[in-house]
Amino acid sequence: MANISLAVAASHAPGLIGMFDQAPRESQQVVSSAYGSLARQIREADLDVIIMVANDHMANNRIREYPDFIVGMAPEHRGPAEFFKDWLACDEYAIPGRPDIAEKILNGLSQRGVRVSATRENLNFDDNISVPVVKTEIEASGVPIIPILQNVTVPPFPDQHRCYEIGRQLADLIENDLPSDLRVGLFATGGMSHEPGGVRDFWIDEDFDNWFLGLLANGDHDKVLAEVTLQRLEEAGSGGTGELLSWILVMGAIGERHCNVLGYTAWDKWRCGIGAVSWDMTSAPAGR
Amino acid sequence: MSLEGINRALVSHDLVQDLKWNADLRQEFEEDESAVLDRYELTPAERTAIEERDFRTLYDLGFHPYLGAQFARILFANNKSGATSAVQHLLASIRREPAPGHGEASEA
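Computed from a prediction, not measured in an experiment: that's the story for all the values here. (Residues numbered from 1 in each chain as written. Chains lettered and ligands numbered in written order. Predicted model: local features only at pLDDT ≥ 70, side-chain atom pairs only at ≥ 80, totals over all residues. Heavy atoms only, no water.)

Looking only at helices and strands, one finds 11 helices and 10 strands in chain A. Its C-alpha atoms give chain A a radius of gyration of 17 Å, within 12% of the compact-globule value 19 Å for 288 residues. Principal-axis analysis of the C-alpha atoms gives chain A an extent of 45 × 40 × 40 Å. Across chain A, every contact between residues at least 6 apart in sequence was considered, and the portion connecting residues at least 24 apart equals 83%. (Helix = DSSP H or I, 4+ residues; strand = E, 2+ residues; numbered from the N terminus. Rg over C-alpha atoms; globule rule 2.2 N^0.38 Å. Contact = heavy atoms within 4.5 Å.)

As C-alpha cells, this is what we get:
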C-alpha cells in the first residue's frame, strides 16, 4: 500500500515573494523559519509525489460553471500564469506531474462519490501553487506534484465536514489504489485569515488564526469540525479564510496526529495571516 | 460582506476572466476600453459602474469580491507586486470613501 509520508499546510499570500523584503524583520524571520522547515521536510521525506490541495481563485473556470475540485493531470506543471507574474514577482517554474497517479486520483475519488473534474492542460496557477512551490523549493527537490484545486469561494462549496470526509476518501484511495511502494506527500495551501477584495481587506484576524492553530495543536478533530464552521470562517474573513478548508481536507486524510505549529505572523500589507504546520506521520494515527 | 449575494450570471465576471486570460485583450482594453465593453452584454448599470470605477455598485449587483480585487489591478493599472494601491482604490470605492491620494486615503 502507498503511504502518506508527509503532511504539511501553509499559507500562500502573494506578498510572501514580491513584498518579502519590505516586511518587518520579525515577520520575515517567522516565514523563513517556517517555510524553511517545510522545504527541509520535503527534501528529506524521499517522496515520489506531492499532492497539493490548493484553493482555486477563479483562475481556471467561469464562476457560472465552477467545479468543486479540479485535478491537474498535466505531465508538467508550469507557472505562474501570465496575468499573475508581475503581481507575484516570482520566477517561472516547471515541475513534473504524475499523469498516471492523477488519473487514479480522479477515478478513485469519483468511485468514492466525490464529484471531481480534471484537466490534462496546464492549469492557471496564481499564488495558490506558486507561492508554496517557490517558498518550499519544490522545483529544486525534483519531486513531481499533482495539484488538486478546490472551490472555497463560490457558494455553495463543500463544508468542513464534507472536506474532512473527502480527505478520508483520498487516504483510502492512496492506501488501496496507488502503487504499493509509493511515498506520497500532502501539502495543503491556503489561509489563514484574510478578505481579498472585501471591505475588510488588509485586516487580519489574529485572534482567529491563533485559535485555529491552537485547535490543530490540540489535535481533537471532532472539536475542529464542530467549531470551524463556514460561518466562523466567513466571520474571520469573507472569501479568504475559508481556504483553510484545504487544511481540513488534509486532516481528514491523515486522522488525528501530532501537529507541529511551525510559525505564525501577521503583517497587514501581506493582507493575510501567515501560518504553517506539519503533522507527525512517523507514528500510527490515534483512534483508527 | 457575504458571498451569498453573488450573481453567478453577471456578464462583468466574463469580462474580468477574459482580461485575465488574454493579455492581448488586456492591451486593447487599456487602449480603447469602450470598444471592448461594447462586445459584452453588460447591463447599463454594470457598464456605468465599470466606467466610473464604482466597485460599490458592482458589488451590489452581485460581483464577486475576489474578482473585484483582480479587476481593480486592471482598472487602476497596478498589477505589480502586492498591488497595494489598486486594493486601496478598491477599498475606497466599496467603502464610499475618498480615493487614495485625494485627501483621506484609506491607507491600511
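The subject of this paragraph is helix H7 (residues 84-94) of chain B. Residue and element names in this part refer to chain B. The element H7 is extensively covered by neighbouring structure, given that nine of its 11 residues are classed as buried. Within H7, burial applies to Thr-84, Ala-86, Val-87, Gln-88, Leu-90, Leu-91, Ala-92, Ser-93 and Ile-94. The inward-facing, buried residues of H7 abut helix H5 (55-60) and helix H6 (65-75). Where H7 terminates, the next one or two residues include Arg-96, which has phi positive at roughly 55°. (Buried < 20%, exposed > 50% of the residue type's maximum accessible area, 1.4 Å probe, protein only.)

This part is about the sheet that holds strand E2 (residues 49-55) of chain A. Residue and element names in this part refer to chain A. Taken in spatial order, the eight strands of this open sheet run E6-E3-E7-E2-E8-E1-E10-E9, and their pairing is mixed. This sheet does not close on itself; its edge strands, each paired only once, are strand E6 (117-119) and strand E9 (259-265). Across the sheet, the axes of successive neighbouring strands diverge by a mean angle of 20°, strand direction being ignored. As defined by bridge partners, strand E3 (residues 69-72) adjoins E6 across three bridges and the pair is classed as parallel. Note that in E6 the partner of Gly-72 across the bridge is Thr-119. In the packing of helix H8 (residues 206-218) onto the sheet, the strands contacted are E9 and strand E10 (274-279), and the crossing angle to E9 comes to about 165°. Against the sheet, helix H11 (residues 245-254) makes contact with strand E1 (3-10), E2, E3, strand E7 (145-150), strand E8 (183-189) and E10, and its axis sits at roughly 150° relative to E8, the strand it touches most. (Pairing = 2+ DSSP bridges. Axes fitted to C-alpha atoms, helices over the stretch in contact; angles between N-to-C directions.)

This brings us to the nonpolar core. Membership of the largest hydrophobic core comes to 81 residues, with the highest contact counts inside it found for Ile-50, Ile-129, Ile-138, Phe-187 and Trp-270 of chain A together with Phe-55 and Phe-71 of chain B. Counting residues per element, this core draws most heavily on H6 of chain B, which supplies seven residues. Among the nonpolar cores identified, the runner-up in size contains 59 residues, and Ala-2, Leu-106, Phe-157 and Ile-166 of chain A belong to it. (Core = buried A, V, L, I, M, F, W, Y, C linked by side-chain atoms within 4.5 Å.)

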